[in-house]
Amino acid sequence: MSDFSNDLAEICEGSAGILLHGSSPKPADSSPIPYWEQDRQAMETGLGSDEPHRWINTCVSKYLSESANQLLALGALLRAETVAASLDPLVRAIIERVGAVNWLIEPGGTTRKRVIRSGLSFLVCLQHYRDALSMLEGPKDHRTKLKAEQRRISELMPKWFAIDRPPTDPDDENSKLTMDPRLWVIESEKYPGLTDLAGLGLDGSNVTANLAAGSYYGFSGFAHPNVVFGQEHQSVATDGAITFTYPNQDLEKTIRFAVGSFGEGLKRRAAYYEADEEGVVKKVDELSDRLDSISALPDKPCS
């Protein structure tokens, strides 16, 4: 294995370790009261329920934990030098998950906005899962339980907010209003599509909206069957044998997206939960500096 691949693997593993071996949220009974606990209390007072706090915590902890393990997988692929057609799906998945986290705990967002976004997140996740189980003809009792849970949250949200629900038949404005949360709009908030999540996942990375969208399309092109995308890292001999080539510059660019996106998600988690924010920022920045120091890019980033 090359020294460069080993260095990239260590950076991926180090990034994952910040979360997996890092600090827990500041306790609720701390003085002064931590930000996340103030948020929870505001929900309880304003809504009569702090359930949205659980929704936020579940999404943030699960998405970042999944992303951390995907970074470990990237490190393992780099060490094994089995990167052909393997890195891009993982990087794409990391960016999507961090985007969902960044959307939920956006700096400067209000408690009300976080309640709306967390409610939409849970409802959309339930809808996708139920759709899959229905097509797979999964266990009826499980499907019934999930339907009841989605109905419960769907009935809870209108008690707190006015929901704009389009008709089920776009050509008939008098048709029944849709119960599909993917189409709901609540105070200008709508659950983001995957390309939008990718843009949010790259927020704070000095990447323009167009570059974020283009990069996401690129990762999708490499992740899905596409002979044109694939040829960037392939050469085909006259006998049909395929050779995969990944220059160090391409490896670095790919890993930069994953590590940079994840690092921003870690910073937002640390700020919201007051989980050793100073220490987390320091570790993220140190790994970024290390990546800059070994950079193979022609225009080497400045630390």
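Everything here concerns the structure above.
Residues numbered from 1 in each chain as written. Predicted model: local features only at pLDDT ≥ 70, side-chain atom pairs only at ≥ 80, totals over all residues. Heavy atoms only, no water.

Asks: In this structure, what is going on with helix 6 (residues 140-160)? I would like to understand it.
Replies: One turn of an α-helix holds 3.6 residues; hence residues three or four places apart share an orientation. In this model helix 6 runs 31 Å from its N-terminal to its C-terminal C-alpha over 21 residues, within 8% of the 30 Å that 1.5 Å per residue would give. Turning to helix 6, its buried residues are L146, Q150, I153, S154, L156, M157 and W160. For helix 6, the arc enclosing every buried residue in end-on projection is 165°, short of the 170-degree limit, so these residues lie on one face. Exposed side of helix 6, more than 90 degrees from the buried face: K140, D141 and K159 are the residues found there. The inward-facing, buried residues of helix 6 abut helix 2 (35-47), helix 3 (51-80) and helix 5 (111-136). (Helix = DSSP H or I, 4+ residues; strand = E, 2+ residues; numbered from the N terminus. Expected span 1.5 Å × (residues − 1). Buried < 20%, exposed > 50% of the residue type's maximum accessible area, 1.4 Å probe, protein only. Arc of directions from axis to C-beta. Contact = heavy atoms within 4.5 Å.)

Asks: So what exactly am I meant to see when it comes to helix 4 (residues 87-104) here?
Replies: Taking 1.5 Å per residue, 18 residues should reach 26 Å; helix 4 reaches 26 Å between its end C-alpha atoms and fits that length. For helix 4, the tally of buried residues reaches 16 of 18 residues, placing the bulk of the element in the interior.

Asks: Can you walk me through the packing of aromatic side chains in this structure?
Replies: Note on aromatic pairs: each is described by the distance of the centres and the angle between the planes. Per the stated rule, a full pass over the model turns up nine aromatic pairs. Measuring from ring centre to ring centre gives 6.4 Å for W160 and F161, while their planes differ by 85°; the resulting arrangement is edge-to-face. With respect to burial, W160 and F161 carry one shared label: buried. Between the aromatic rings of Y272 and Y273, the centroid separation amounts to 4.8 Å while the plane-to-plane angle is 90°, which identifies the pairing as edge-to-face. One exposure class covers both Y272 and Y273, and it is buried. Put simply, the rings of Y35, W36, Y272 and Y273 pair up and form one aromatic cluster. (Phe/Tyr/Trp six-rings, centres within 6.5 Å; stacked < 30°, edge-to-face > 60°.)

Asks: How should I be thinking about a negative patch on the surface in this particular structure?
Replies: Judged by side-chain charge, D169, D171, D172 and E173 come together as a negatively charged surface patch. Among the structural elements, D172 can be located in the loop between helix 6 and helix 7 (194-201). (Patch = residues over 30% accessible without salt bridge, like charges linked within 9 Å, V, L, I, M, F, W, Y side chains within 5 Å. Areas by Shrake-Rupley, 256 points an atom, 1.4 Å probe, with all protein chains shown as cover. Salt bridge = Lys/Arg side-chain N within 4 Å of Asp/Glu carboxyl O. Lys, Arg positive; Asp, Glu negative; His and termini not counted. Charge placed at Lys NZ, Arg CZ, Asp CG, Glu CD.)

Asks: Where do I start with the layout of surface pockets in this structure?
Replies: Left-over empty space is what a probe sized like a water molecule reveals as it rolls over the atoms. What the second largest pocket holds in volume is close to 350 Å³. Looking at the second largest pocket, the residues that line it are T58, C59, K62, Y63, E66, F122, C125, L126, Y129, K145, L146 and E149. Among the elements that line the lining of the second largest pocket, the one with the most residues is helix 3, at five residues. (1 Å grid on protein atoms, 1.4 Å probe; cavity = no way out; pocket = protein on both sides within 12 Å on 5 of 7 lines; lining within 4 Å. Points joined across faces, edges and corners; volume = space filled by probe spheres on them.)

Asks: What is the right way to look at the side chain of Q150 in this model?
Replies: Position of Q150 relative to the elements: it lies in helix 6. We classify Q150 as buried; its relative accessible area is 4%. Here Q127 takes part through its side chain, which lies 2.7 Å from a polar atom of the side chain of Q150. The contacts of Q150, once residues within four sequence positions are left out, are L123, L126, Q127, R130, M179 and P181. (Polar contact = N/O pair within 3.5 Å; in protein donor to acceptor, adjacent residues only side chain to side chain.)

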